[in-house]
Each structure stands twice: as C-alpha cells, then as structure tokens.
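Coordinate inspection notes
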Amino acid sequence: MTARPEDAGAAATTAAPSLDELRAEALQWGRKPRLFGTWYVTEHMVRAMRAYGWTIIVGALGQPILYLLGLAVGLAALIDAPIVENGVEVSYLVFVAPALLMTAAISVASEEFSYPVMAGFKWRRYFFGFSASALSPGQIAGGVVAGASARIIFVVVAYYAFLWIFGAVPDPATGWLTIPIGLLAGLAFGIPYMAYAASITEDKGQIALVQRFIFMPMFLFSGTFYPLATLPLWLQWIGWVSPLWHATELGRIVTYGKPAEPFMIVVHVGYLLVLSIGGYLVGRRLFGRRLAA
C-alpha cells in the first residue's frame, strides 16, 4: 500500500521537537560541563604539557640531582662548620634542602602561571573557546590552578625522594609534609602571578621583569642558603614578604625539627593561604572581565 503525502507530512510534524524540548535538551547537555567544568580545563592544561613533557621530566629529575650533588659533594664539603639556628645544629645540606624543594615548586609555578595564561587570553585564545561553552570564568581559572598543581606535585615528590636518598631529611616521619608545603608555596606565588598575567593585554616583557626583579631577589634573600637573620635588616624584609621564606621555615620545622613558636607556624601557613586564596579571588574576577570583553 502506497503512503499518502499528507501522512508523511503529519509524521514529520509530529517528530519535530518543540522549542521547550530543544531548550531542555540543551540544558541537559550543559549540566555536565557546568558540574565538571574545572576538571575539563584541568585535563586540557595537563594534556597541553605533553608538548614539553620531556622538559618537565628532565627538570623534575635532573635539577635536584645537580643541586644536591653540587651542595653535598661541592659546597658542603667546603663548609665544615654546621649551621646553628635557634639552638639546633645541622649540616649545611640538611639546612638548604627544604629551601631547594620550595624553590623548585615556586619555579614551576612561575612557568605554569605566566605564559600559558597569557597564551589563553592573547596568543592562542583558548580561554575564549572555553568561555563560549557552559564553563564559567571561575571554572577556567580553577582549571588552570589544578593543572599547574599537578605539575608542582610531580616535581616536589621527585625532589623529596632525592632529598631522602641523599640523607637530607633527618626526620622522614614528618619530613614528607614538605610535599604539601611545597604545593602550597607554589600556589602562594603562582596564583597571584596568574592574576597578574590575566591582566596583561600587551606583552612588553613583563614576565621577564618578574623573573629578574621578583623571583631572583626572593631566591637570593629569603634565607635559602643562609639564615635570614644574618642579612642586614634592610634586606630581611624581602624574606618576610616572600612565600619562599615562609614555606622554607615550615619545611625546616618538619624535616629536622627547627624550633618554632606555634604562633609563627600559624603565621607561616596563614600567609601562604592568604596569598593563594586572595590571588584566586582576584584572578577569577580578572578572568571574568577579560572573557566578557
């Protein structure tokens, strides 16, 4: 039996979804990105690291070996006198080891929260692609943070393993806490850096200036290679405002039991948390402003 044309037209009319049905379908497809949007951005950031994956691996494994060999076999051999601080006497290697781990975490943060953020807004502009979907600016910023955190954790775990192998962790029962402390140090420096990078609309060498005039002075004058108290007072303030010094002090407390008042431990942790949380709040607002423009 041959179907009549009017029957086919009626069937097509019946099968066509209504506007409400299309809206409900769109909302259904948008629920998952809205729920897991941060992790989608994290996945993208981690996958993008494959382009320089060997750099990450070699840096995470080679840097601690070179630093520790240079200190354990080289510099520490020339420094016969132990470091005495707050009544605790330790070898030079044990003294500098926590600072090196924290420096490695902050160094990774300075890489992941600078040019990749600028690329997302200016060069490759993939943040605008994310924003065109159901993802919010807060989820995009959170994904950047989580992606960078994955690399920081990888580096600090590798660094801690080498510190333990070289005997630079006298108290492993608490020394492993340098891993979360290192992550917090990286975020305390990196998240405000992300906010700054999100505010840059034209590349005029700002990132290079940060490396030269913020990162390097912080590395040299934050009690990394010698106690901060040995510096003149007009230089000590660099350590006081530096996340590296606060994280290093916490690292020395957990690795070899450097004496510290409970109040100062709270100050160190609180300072790092304020930088991380405050930087994220500012960064999220800047992400929203840039993506809405």
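Anything mentioned here points back to the structure above.
Structure report, in brief. This one's a predicted model, so the numbers in the text were calculated from it and none came from an experiment.

1. What to know about unusual backbone geometry
The backbone phi angle of R125 is positive, close to 60°, even though this residue is not glycine. Along the polypeptide, R125 turns up in the loop between helix 5 (115-123) and helix 6 (126-131).

2. Examining the packing of helix 4 (residues 92-112) against helix 7 (residues 137-165)
Taken N-terminus to C-terminus, the directions of helix 4 and helix 7 make an angle of 155°; their axes are 9 Å apart at the nearest point. The orientation of helix 4 relative to helix 7 falls into the category roughly antiparallel. As for how helix 4 packs across helix 7, the hand of that crossing is right-handed. On helix 7, the residues touching A97, L100, L101, A104, A105, V108, A109, E111 and E112 of helix 4 are A148, R151, I152, V155, V156, Y159, Y160 and L163.

3. Digging into helix 10 (residues 206-220)
Here helix 10 is 15 residues long and its end C-alpha atoms lie 21 Å apart, about the 21 Å a rise of 1.5 Å per residue gives. Among the residues making up helix 10, those that are buried are Q206, I207, V210, F215, M218 and F219.

4. Thoughts on the nonpolar core
Residues F113, V117, F127, M194 and F287 are the most contacted members of the largest nonpolar core, which totals 73 residues. Here this core gets 14 residues from one element, more than from any other, and that element is helix 4. Judged by nonpolar contacts, the second largest core, of 5 residues, contains L228, L231, L235 and W245.

5. Things to note about a nonpolar patch on the surface
Taken together, the side chains of W54, I57, V58, L61 and F154 define a hydrophobic patch exposed on the protein surface, amounting to about 510 Å² of accessible area. Within the secondary structure, F154 is located in helix 7.

6. A few points about the pattern of salt bridges
Inspection of the entire model under this criterion finds 5 salt bridges. For the salt bridge of R151 with E112, the shortest nitrogen-to-oxygen distance reads 2.7 Å. With R151 in helix 7 and E112 in helix 4, this residue pair connects regions lying 39 residues apart in the sequence. Residue R151 is classed as buried on the basis of its relative accessible area of 7%. Residue classification places E112 among the buried positions, given a relative accessible area of 3%.

7. Thoughts on the side chain of T255
With respect to the helices and strands, the residue T255 is situated in helix 12 (residues 243-256). Relative accessible area serves as the criterion here: at 3%, T255 is assigned to the buried category. Within the structure, T255 has its side chain in polar contact with the backbone oxygen of G251 (distance 2.7 Å).

8. Comments concerning the packing of helix 5 against helix 9 (residues 178-199)
Packed helices, taken two at a time, are described by the angle between their axes plus the distance between the axes. Between helix 5 and helix 9, whose axes approach to 9 Å, the crossing angle comes to 25°. The angle between helix 5 and helix 9 falls in the class roughly parallel. Here the hand of the crossing between helix 5 and helix 9 comes out right-handed. Residues V117, M118 and F121 of helix 5 form the contact with helix 9, whose own contacting residues are M194, A197 and A198. Tallied by class, residues from the contact of helix 5 with helix 9 come to 6 nonpolar, no polar and no charged.

9. Regarding the packing of aromatic side chains
Scanning the model with the defined rule gives 11 aromatic pairs in all. Ring geometry for F121 against F287: centres 4.9 Å apart, planes inclined by 70°, an arrangement best described as edge-to-face. With F121 in helix 5 and F287 in helix 13 (residues 262-292), this pair connects stretches of sequence that are 166 residues apart. There is no split in this pair, since F121 and F287 are both buried.

How each quantity is defined
Residues numbered from 1 in each chain as written. Predicted model: local features only at pLDDT ≥ 70, side-chain atom pairs only at ≥ 80, totals over all residues. Heavy atoms only, no water. Helix = DSSP H or I, 4+ residues; strand = E, 2+ residues; numbered from the N terminus. Axes fitted to C-alpha atoms, helices over the stretch in contact; angles between N-to-C directions. Parallel < 35°, antiparallel > 145°, perpendicular 65-115°, else oblique. Left-handed = near helix turned anticlockwise from the far one by under 90°. Contact = heavy atoms within 4.5 Å. Expected span 1.5 Å × (residues − 1). Buried < 20%, exposed > 50% of the residue type's maximum accessible area, 1.4 Å probe, protein only. Core = buried A, V, L, I, M, F, W, Y, C linked by side-chain atoms within 4.5 Å. Patch = residues over 30% accessible without salt bridge, like charges linked within 9 Å, V, L, I, M, F, W, Y side chains within 5 Å. Areas by Shrake-Rupley, 256 points an atom, 1.4 Å probe, with all protein chains shown as cover. Salt bridge = Lys/Arg side-chain N within 4 Å of Asp/Glu carboxyl O. Polar contact = N/O pair within 3.5 Å; in protein donor to acceptor, adjacent residues only side chain to side chain. Nonpolar A, V, L, I, M, F, W, Y, C, P; charged D, E, K, R; others polar. Phe/Tyr/Trp six-rings, centres within 6.5 Å; stacked < 30°, edge-to-face > 60°.

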